[in-house]
Amino acid sequence: MIETVIKVGGSLGESHQLPELLQKISELSLRHKTLIIPGGGAFANAVRDYDSRFGLDADVSHWMSIMGMDQFGHLLASLIPNGIPVRKLAAAREVLEIGRVPVMLTYDLLRQTDALPRNWDVTSDSIAAWIAKLAEARQLVLLKSVDGIFQESSDANKRNELAEVVNMSMLSKSQVVDRCFASTFEKTNLAGWLVNGKHPERLEQLLDQGATYGTRLLP
């Protein structure tokens, strides 16, 4: 059984804390059944660059970006102790049963189903939510390079404050997740969190205790 789907944002590929985060994920997998979804990171950004220069067809840039996620997935699987890349949910469950960490390469799964829009409104955020529902997971955790979603303070002299909880209306206006995420996540009925992956101890606290410093997402 897959309990938690964890999306490792591509921006974390630029972080010095990535090895520490992946070591923590490996340790947590001993007591929590987790499936890892890779972001696109620099690989997807390369596609964005080519798209901006050559005006690629939406289908072409979409599938190239999904391939970019798979490249980052191979990298994560190689750096996570006991990590194994998988292409099917059945394989992910088998990997969990032998005490290892499945990292989903999403291209084949998405090609078979073609369940999401093929444009830049869909990124690994929406894909992770869609796979979490498909896997019948209990919760989705988006690990990014930010603490969560911030709400503007009415006091001009105060900094924007971290929103501890957001609903779909607030989430749809956020630029922290992709434009399709709110509508995709809303259909899942999952518990959801947005947490800063540069602080691996927060992920540990969330999985072990049920809450941490970050933003809880209400479907």
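Residues numbered from 1 in each chain as written. Predicted model: local features only at pLDDT ≥ 70, side-chain atom pairs only at ≥ 80, totals over all residues. Heavy atoms only, no water.

### Side note on the pairing of strand β4 (residues 101-104)
Keep this limit in mind: The buried label applies to any residue whose accessible area, calculated with a 1.4 Å probe on protein chains only, is under 20% of its type's maximum; exposed applies above 50%, and partly exposed to all values in between. Helix numbering and strand numbering both begin at the N terminus, where a helix is a DSSP run of H or I of at least 4 residues and a strand a DSSP run of E of at least 2. Orient the strands so they point away from the viewer; a crossover is then right-handed if the path from the first strand over the helix to the second runs clockwise.
Of the two faces of β4, the one holding Val101 and Val103 and the one holding Pro102 and Met104 are both buried throughout. With respect to chirality, the unit in which strand β3 (residues 83-86) leads through helix α4 (residues 89-97) into the neighbouring parallel β4 is right-handed.

### Considerations on the layout of surface pockets
Stated formally: The method works on a 1 Å grid over the protein atoms by themselves. A cavity is a set of points holding a 1.4 Å probe that cannot get out, a pocket is an open set with protein on both sides within 12 Å along at least five of seven lines, and residues with an atom within 4 Å of a point line them. Grid points are joined across faces, edges and corners, and a volume is the space filled by probe spheres set on the points. Polar here means any residue other than Ala, Val, Leu, Ile, Met, Phe, Trp, Tyr, Cys and Pro, which are nonpolar, and Asp, Glu, Lys and Arg, which are charged; Gly is therefore polar.
Its boundaries defined by the atoms lining it, the largest pocket holds a volume of some 760 Å³. Forming the walls of the largest pocket are 37 residues, and the residues nearest its centre are Arg48, Thr123, Asp125, Lys144 and Asp178. Secondary-structure elements contributing two or more residues to the lining of the largest pocket are α2 (41-54), α3 (58-79), α6 (124-134), β5 (139-144) and α7 (168-172). The residue makeup of the lining of the largest pocket, split by class, is 11 nonpolar, 17 polar and nine charged.

### Overview of the packing of aromatic side chains
Heads up, the condition is: Whether two aromatic rings pair depends on their centres lying within 6.5 Å, for rings of Phe, Tyr and Trp, where Trp uses its six-membered ring; planes under 30 degrees apart make the pair stacked, over 60 edge-to-face, and the rest tilted. Lysine NZ or arginine CZ positioned within 6 Å of the ring centre and within 35 degrees of the ring normal marks a charge as sitting over the ring.
Evaluated as defined, the whole model comprises three aromatic pairs. Between Tyr50 and Phe54, the aromatic rings sit 6.1 Å apart at their centres with planes inclined by 15 degrees, giving stacked as the arrangement. Of this pair, Tyr50 and Phe54 are both found in helix α2, four residues apart, which corresponds to roughly one turn of the helix. Of the residues examined, Tyr50 reaches a relative accessible area of 41% and is grouped as partly exposed. Since its relative accessible area comes to 55%, Phe54 is described here as exposed. Judged by centre distance (5.6 Å) and plane angle (75 degrees), the ring pair of Trp63 and Tyr107 falls under edge-to-face. One end of the pair, Trp63, is in helix α3; the other, Tyr107, is in helix α5 (residues 107-113), with 44 residues separating them in the sequence. Relative accessible area serves as the criterion here: at 7%, Trp63 is assigned to the buried category. With a relative accessible area of 16%, Tyr107 lands in the buried category. Between the NZ or CZ atom of Arg111 and the centre of the ring of Trp63, over which it lies, the distance is 4.2 Å.

### Considering the pattern of salt bridges
Cut-off, in case you're wondering: The rule for a salt bridge is simple: a side-chain nitrogen of Lys or Arg has to be within 4 Å of a carboxyl oxygen of Asp or Glu.
All chains considered together, the criterion is met by 12 salt bridges. The shortest N-O distance in the salt bridge between Lys144 and Asp125 comes to 3.0 Å. Pair noted here: Lys144 is in strand β5 and Asp125 is in helix α6, with a separation of 19 residues, a long-range link. Pair check on accessibility: Lys144 and Asp125 agree, each one buried. Here Arg202 ties to Asp147 by a salt bridge, and the two come within 2.8 Å at their closest N and O atoms. In this pair, Arg202 is assigned in helix α9 (residues 200-209) and Asp147 in the loop between β5 and β6 (150-151), connecting sequence segments 55 residues apart. A single network of salt bridges, built from pairs that share partners, joins Lys24, Glu27, Arg31, Glu204 and Asp208.

### A word on α6
Counting buried residues in α6 gives nine out of 11 residues, a clear majority hidden from the surface. Listed as buried for α6 are Ser124, Asp125, Ser126, Ile127, Ala128, Ala129, Trp130, Ile131 and Ala132. Two residues or fewer past α6, Glu136 is found with a positive phi of approximately 55 degrees.

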